[in-house]
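These are the residues of each chain, in order.
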Amino acid sequence: MRAEERYEITMLKKEKMNLLKLIDKKNEEKISLQSEVSKLRKNLAEEYLRYLTERDARKILIADLNELRYQREDMSLAQSPGIWGEDPVKLTLALKMTRQDLTRTQMELNTMKANFGDVVPRRDFEMQEKTNKDLQEQLDSLRDDYEEVCKEHEILLQLHMTTLKERDQFHSELQEIQRTSTPRPDWSKCEDVVAGGPDRWQMLAEGKNSDQLVDVLLEEIGEGLLREKDFFPGLGYGEAIPPFLRFDGIVENKKPTKKDVVNLLKDAWKQRLVEEQKEKFPDFFFNFLEHRFGPGEAMAWAYTIFENIKLFRSNEVMSQFYAVLMGKRSENVYIKQKETVAQLLKEMTNADSQNEGLITMEHLSTVLKSTFPFKKEEKIQELMEAGGWHPNSSNADLLNYRSLFTEDEEGQSTPFVQKLWEQYVDEKDEYLRELKQELGMELHNEVTLPQIREALISIDPSLEKQTLNSYLIQAFQLPMTELPEEGEEKEESIVVQLKIALQRLQMIDIRRMGSREPEPAS
């Protein structure tokens, strides 16, 4: 950055010198023209004096010649008066008047020459005036450019000084960080510690940053400690304890594998989806375990499953089940995500006219755009890349679309489905950010029900009334029967802190139902 600034300053200095040279050149031309005008005026004065001298001599000569001619004519008229057939007195009088007219005309001519002898022709004057005006405009323009360059130069100097101070500050901070910070961990040391050796560690660490690797390492350590436990201590019957964990005494650790836990959770989801979902999810979970393992083993399995899903946060199935079980996320989020994945698979299957399990990249793009009409083009591109598309691919390349929806034995989905989930989370966060921005409040401020209703309608005009009401019920934790209609007086009395409202909305399946700006009528 410093080299670029030095280069820009050098170029500005060169430009400044060029402008100064151009100004000096124009000044020299102006001085040269002034000198030439002065010289021409001097020459004109000398020529005018010479002209006056010659004119006077000529006048004298012409007067002498005229006098001689007049005398000869008079003599001729006097000697032969009958030749002309005119009265000599009359002719003499006419000659005298003519001489007077000639004298007056000559005097006027001399006056005009004296008055306008040093006058420049209008055409030359206008040309010189135009040239002078152009030069003056150029000079003014160069002067303005020069002043602007000087101002920019001052600004650049200030920026340069600011940059130097920031550089020195950053350098000091860097030295302080280098002195106080701990070295970056060498993750290759974990290869010999993690069960499975280097190959398994490479598989676990692939594509993960340091924070994620810490989670993986903690899971590996926790898994070992979890397997060493034969029993779990009961947490008691306190109100803060989840219903499915309320027990005094010790319970057995069943020590299932991750695969067993994932399969058990999938079975629980399947049963949950076919039921009417009248009971709360924690109660359903415990009832499912009682039906599966019997009342005597249900509590042991509840503690075992709970400890596993609490530990393995990197596992999609376990982390989502844990979030729903602890009330941090609505189960409708999981259900809607599964429905979206199923809908995508259905659309791709419909596009597979030969039922070969293959579709073209063009068909994949079409299915994604029709299923997600409000996603931006770059988001569709991310899904295409997660599905196997790359810049060298053509629209005719075939894709095994069924492989996009497979899972491994531990329930981990493909990058394509993971990208779908990441985009859903990002879009939900963006939706809630727009809501907060529309409200124009701080998180600690209280917001009323009409304010949130108006803000939701403003950022999502296509929102249906039923969906809008479900959002309001979640934000204010109201029963359906107690939700006031729009315009009722008691609306204003229903308030909640904005931070709490956003957290509650974060738990449910909230998404955009249409574009923010209404589409113009065709």
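See the structure shown above.
This one's a predicted model, so the numbers in the text were calculated from it and none came from an experiment. (Residues numbered from 1 in each chain as written. Predicted model: local features only at pLDDT ≥ 70, side-chain atom pairs only at ≥ 80, totals over all residues. Heavy atoms only, no water.)

Peer 1: In this structure, what is going on with the pattern of salt bridges? I would like to understand it.
Peer 2: Should the charged atoms of two oppositely charged side chains come close, the side chains can pair. Under the defined criterion, the tally for this structure stands at 21 salt bridges. A salt bridge links Glu297 to Lys254; the nearest nitrogen and oxygen atoms lie 2.2 Å apart. Taken as a pair, Glu297 in helix 8 (residues 295-311) and Lys254 in the loop between strand 2 (250-252) and helix 6 (258-274) lie far apart in primary sequence, 43 residues in all. For Glu297, a relative accessible area of 32% corresponds to the partly exposed category. The salt bridge partner of Lys310 is Glu307, with a shortest N-O separation of 3.7 Å. Of this pair, Lys310 and Glu307 both sit in helix 8, separated by three residues, roughly a single helical turn. A cluster of three or more residues bridged by salt bridges with shared partners is formed by Glu252, Lys254 and Glu297. (Salt bridge = Lys/Arg side-chain N within 4 Å of Asp/Glu carboxyl O. Helix = DSSP H or I, 4+ residues; strand = E, 2+ residues; numbered from the N terminus. Buried < 20%, exposed > 50% of the residue type's maximum accessible area, 1.4 Å probe, protein only.)

Peer 1: Got a minute to help me understand a negative patch on the surface in this structure?
Peer 2: A cluster of like negative charges, contributed by Glu15, Asp144, Asp145, Glu147, Glu148 and Glu152, occupies part of the molecular surface. Per-element accounting of the negative patch gives the leading share, five residues, to helix 3 (residues 122-180). Mapped onto the elements, Asp145 comes out in helix 3. (Patch = residues over 30% accessible without salt bridge, like charges linked within 9 Å, V, L, I, M, F, W, Y side chains within 5 Å. Areas by Shrake-Rupley, 256 points an atom, 1.4 Å probe, with all protein chains shown as cover. Lys, Arg positive; Asp, Glu negative; His and termini not counted. Charge placed at Lys NZ, Arg CZ, Asp CG, Glu CD.)

Peer 1: Just checking my understanding: could you explain unusual backbone geometry for this structure?
Peer 2: Negative phi values dominate among residues other than glycine, just as trans dominates among peptide bonds. A positive phi angle, close to 50 degrees, is found at Lys255, a residue other than glycine. Mapping Lys255 onto the fold places it in the loop between strand 2 and helix 6. Relative accessible area serves as the criterion here: at 33%, Lys255 is assigned to the partly exposed category. Although it is not a glycine, Gln477 adopts a positive phi angle of roughly 50 degrees. Of note, Gln477 is situated in the loop between helix 15 (465-476) and strand 6 (495-497). On the basis of relative accessibility, which here comes to 47%, the residue Gln477 falls in the partly exposed class.

Peer 1: How should the packing of aromatic side chains be read in this particular structure?
Peer 2: Two aromatic rings, taken as a pair, are described by how far apart their centres are and by the angle between their planes. Enumeration over the complete set of coordinates arrives at 14 aromatic pairs. Ring centres of Phe244 and Phe285 lie 5.5 Å apart, and the angle between their planes is 90 degrees; this geometry places the pair in the edge-to-face category. With Phe244 in the loop between strand 1 (231-233) and strand 2 and Phe285 in helix 7 (residues 281-293), this residue pair connects regions lying 41 residues apart in the sequence. Taken together, the aromatic side chains of Phe244, Trp269, Phe281, Phe284, Phe285, Phe288, Phe306, Phe321, Tyr322 and Tyr334 make up a single cluster linked through ring pairs. Over the aromatic face of Tyr70 sits the side chain of Arg99, whose NZ or CZ is 2.8 Å from the ring centroid. (Phe/Tyr/Trp six-rings, centres within 6.5 Å; stacked < 30°, edge-to-face > 60°. Lys NZ or Arg CZ within 6 Å of the ring centre and 35° of its normal.)

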